[in-house]
Amino acid sequence: MATIELSGIRKVYPGNVTAIHDLDLSVDDGELVVLVGPSGCGKSTLLRMVAGLETTTAGTVSIGGAVVNRLEPSDRDIAMVFQNYALYPHMTVRGNLEYGLKNRGTPRTLIDERVAEAARILEIAPFLERKPRQLSGGQRQRVAMGRAIVRQPKAFLFDEPLSNLDAKLRGQMRVEIRRLQRTLRTTSLYVTHDQLEAMTLADRLVVMNAGRIEQLGKPTELYERPASLFVAGFIGSPPMNFFDLEYLREKAGASLPTLSDDSDIIGIRPDSIVLADPQEPSIPLRGTVELIEPVGGESHLHLRLEGSDQLIIVETPGRPDAAEGTLLTAHLRARALHPFNRQSGLRTA
Amino acid sequence: MQTKRTIFPNKLLPYALLTPQLIITIVFFLWPAAQAVKSSFEREDPFGFRTTFIWFQNYTRLFGEPEYLNSLNRTAIFAIAVTFISMSVSLLLAVAVSRLLRSGRAYTTLLVWPYAVAPVLAGILWWFMFNPTIGIVPYLLNQFGISWNHRIRGNDAMVLVVLAASWKQISYNFLFFVAGLQSVPRSLIEAAAIDGAGPFKRFWTIVFPLISPTTFFLMIVNINYAMFDTFGIIDGTTSGGPAGATNTLVYKVYADGFLGLNIGSSSAQSVVLMAIVIVLTVIQFRWVERRVQY
């Protein structure tokens, strides 16, 4: 059990490419912090720096209060779950679980005890004597988790651990990782590019872009009040719709709420646009239905706006009456508007 | 594996295309091999007028000859030493190169060059370096009070041919080991590092077991090389001497057949060698496919 403190972390690759710009982040004891962002945003690099697999150009990494910059990965007392699982293919599942313990000179009885415990928690006891290639993707994933938990490290580092699984299994394993982390209460840093995974797993969520932290907070906070255009566009699926303020002002008339002067771009989530008049301040927009995507309990309407040619997405419960090609009016709830400044990319109110 | 089938419109064309390769195989491989098998059962008189069919006499005599048993013994020492030295040195070099980031390519290119040197030239090269009269190495060794003369001492001669033959094969092994090492996923090594294994432990418990298919393949190839492909090197350095100290099986086939003109015995020896190649090849295919996998 420990905290992870990153302060003034910078990573510059040869050729003067800066991957991480003076970044500060602290993970509390027992907390699960998720780093999310598009590929190349530096999230994996950051994780690997915590693990000790990459050097830090500047700044300090502390685990459990001690600075670990100069320590080898093995001396940092962390465990990592890799995207491709990185199971040792020539060892049995038991061999994989034991390897880290044996290297540290753990007594035999304790090794057996820990392995049995991990196998019980992860329900991999029946496969202990099998080789990794005889296991399915989900089972391999469990073994990779098992290898992390037998060591009882100070912190877990997850590097996109679910991205090699199919959608159904990913959902299952996501719940399982959450449950496991809640039970063990081990400080965890989790990297993913999947925003749904990020939202559901995180105690706190860090959205990264181009080597910087865009926003840090509870997942719901980030969803309800994105601090920048980037976060607004990245978190939420289907993504937020954006409008020029001038265009909306023209359509809205009196129903547009007062906004600070520097706002010039307005975002609204697809679920805050309704087809029936909501009987509250709202902005009506007319458009042609281009495509209807039924996704089960709800449908996504792609609406081509009249006069601007812009395409917006509306999330509506059930199945809409409208057919593709028909003209209809959508209402933007005035209280759900997110104002931003295009130049700075930041939220204005 | 699904390969694309080509249908030839003309029935004769496929055979025409195969002919050159078939001719080469028959004329230069199958025919001489058949000749060798045939003459291994025959005895020819000194003037080549008469050949008599003598069944297995060439073979039985062969295995009663102390020279042949000595040659068998020498070949075993030679093959084991060459295989061990060339494989361990090339593995060491491959591991060293795989740790280099930028200059790795340049080293790889340089390390492959010896493979392009013709065997006899390689033999002559080492012969010059180790020449007891004019060579640089005996001169240097002399400064340390070690006297070197592979013309007189059998062990010196053996060391010389082993060094020359290993040097020649290191390039080949090196390439395979570099490829093998590259195929070990980086994340496995990183996982092992996090699991508390130092560089040596990582190598012996993770990397080495994972490249075992390459190692096994190279072992067979190297034994084959040492036993059959080193004629040029031995001829260029020691010519089998002194007193048969470096007279390997392959060299003895040449010496007995072309120098001693005992065609029958020479043929019997080459048939024995053929049998050894066949066994090694079978082992290679059977074993590599089945046993060494993970």
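Residues numbered from 1 in each chain as written. Chains lettered and ligands numbered in written order. Predicted model: local features only at pLDDT ≥ 70, side-chain atom pairs only at ≥ 80, totals over all residues. Heavy atoms only, no water.

Draft legend 1. Spotlight on the nonpolar core. All names here are of chain A. Membership of the largest hydrophobic core comes to 56 residues, with the highest contact counts inside it found for Leu-6 and Leu-189. Ignoring any residue separated from it by four or fewer positions in sequence, one finds Leu-189 in contact with Leu-25, Val-27, Val-33, Leu-35, Leu-47, Val-50, Phe-156, Leu-157 and Phe-158. Val-150, Tyr-190, Ala-198 and Val-231 belong to the second largest nonpolar core, which has 42 residues in total. (Core = buried A, V, L, I, M, F, W, Y, C linked by side-chain atoms within 4.5 Å. Buried < 20%, exposed > 50% of the residue type's maximum accessible area, 1.4 Å probe, protein only. Contact = heavy atoms within 4.5 Å.)

Draft legend 2. Structural context of the pattern of salt bridges. Overall, the coordinates contain 25 salt bridges over all chains when judged by the stated rule. The salt bridge involving Arg-48 of chain A is made with Glu-190 of chain B; its shortest N-O contact spans 2.6 Å. Taken as a pair, Arg-48 of chain A in helix 1 (residues 43-51) and Glu-190 of chain B in helix 8 (residues 186-194) lie in two separate chains rather than in one. According to the relative accessible area criterion, Arg-48 of chain A is buried, its value standing at 15%. As a salt-bridge pair, Arg-94 of chain A and Glu-129 of chain A come within 2.9 Å of each other at their nearest N and O atoms. Taken as a pair, Arg-94 of chain A in helix 2 (residues 93-103) and Glu-129 of chain A in the loop between helix 3 (108-122) and helix 4 (137-150) lie far apart in primary sequence, 35 residues in all. The exposed category is assigned to Glu-129 of chain A, whose relative accessible area is 53%. Residues joined in a network through salt bridges with shared partners are Lys-11, Arg-48 and Glu-54 of chain A together with Arg-186 and Glu-190 of chain B. (Salt bridge = Lys/Arg side-chain N within 4 Å of Asp/Glu carboxyl O. Helix = DSSP H or I, 4+ residues; strand = E, 2+ residues; numbered from the N terminus.)

Draft legend 3. Structural detail: the pairing of strand 10 (residues 212-217) of chain A. Residues and elements named next belong to chain A. Sheet analysis places strand 9 (residues 204-209) next to strand 10, joined by five bridges and oriented antiparallel. Each residue of the ladder has a partner; that of Leu-205, found in strand 10, is Gly-217. Taking the residues that link successive antiparallel strands as the turn, the strand 9-strand 10 hairpin has two residues, and the phi of Ala-210 there is positive, at about 50 degrees. (Pairing = 2+ DSSP bridges.)

Draft legend 4. Representation of the sheet that holds strand 11 (residues 241-244) of chain A within the structure. Residues and elements named next belong to chain A. The three strands lie next to each other as 11-12-18, forming an open sheet whose pairing is antiparallel. The strands lining the two open edges of the sheet, one partner per strand, are strand 11 and strand 18 (338-340). Ignoring which end each strand starts from, the neighbouring axes of this sheet average 30 degrees apart. Against the sheet, helix 9 (residues 245-252) makes contact with strand 11 and strand 12 (265-268), and its axis sits at roughly 80 degrees relative to strand 11, the strand it touches most. (Axes fitted to C-alpha atoms, helices over the stretch in contact; angles between N-to-C directions.)

Draft legend 5. Representation of the domain arrangement of chain A in the model. Residues and elements named next belong to chain A. In terms of domains, chain A is made up of domain 1 (4-234) and domain 2 (241-340). Between the C-alpha centres of domain 1 and domain 2 the distance comes to 39 Å. Contacts between the two partners involve nine residues from domain 1 and, on the opposite side, six residues from domain 2. The largest per-residue losses of area from domain 1 upon contact with domain 2 belong to Tyr-223, Leu-229 and Ala-232, which jointly make up 70% of the total buried on that side. Where domain 1 meets domain 2, there are zero salt bridges. Linking domain 1 to domain 2 there are two residue pairs in polar contact (both at pLDDT 80 or more). Counting residues per element, the ones that place at least two in the side of domain 1 that touches domain 2 are helix 7 (219-224) and helix 8 (229-234). For the side of domain 1 that touches domain 2, the residue count by class is six nonpolar, two polar and one charged. (Domains from an automatic or database assignment. Buried area = accessible area lost by both parts, 1.4 Å probe. Polar contact = N/O pair within 3.5 Å; in protein donor to acceptor, adjacent residues only side chain to side chain. Nonpolar A, V, L, I, M, F, W, Y, C, P; charged D, E, K, R; others polar.)

Draft legend 6. View of the packing of helix 8 of chain B against helix 9 (residues 199-210) of chain B. Residue and element names in this part refer to chain B. Contact pair helix 8 / helix 9: the axes reach a minimum separation of 10 Å and the direction vectors enclose 155 degrees. Compared by their axis directions, helix 8 and helix 9 come out roughly antiparallel. Here helix 8 runs over helix 9; the crossing is right-handed. Across from Leu-188, Ile-189, Ala-192 and Ala-193 in helix 8, the residues of helix 9 making contact are Arg-202, Ile-206, Val-207 and Leu-210. Residues belonging to the contact of helix 8 with helix 9 are distributed by class as follows: seven nonpolar, no polar and one charged. (Parallel < 35°, antiparallel > 145°, perpendicular 65-115°, else oblique. Left-handed = near helix turned anticlockwise from the far one by under 90°.)

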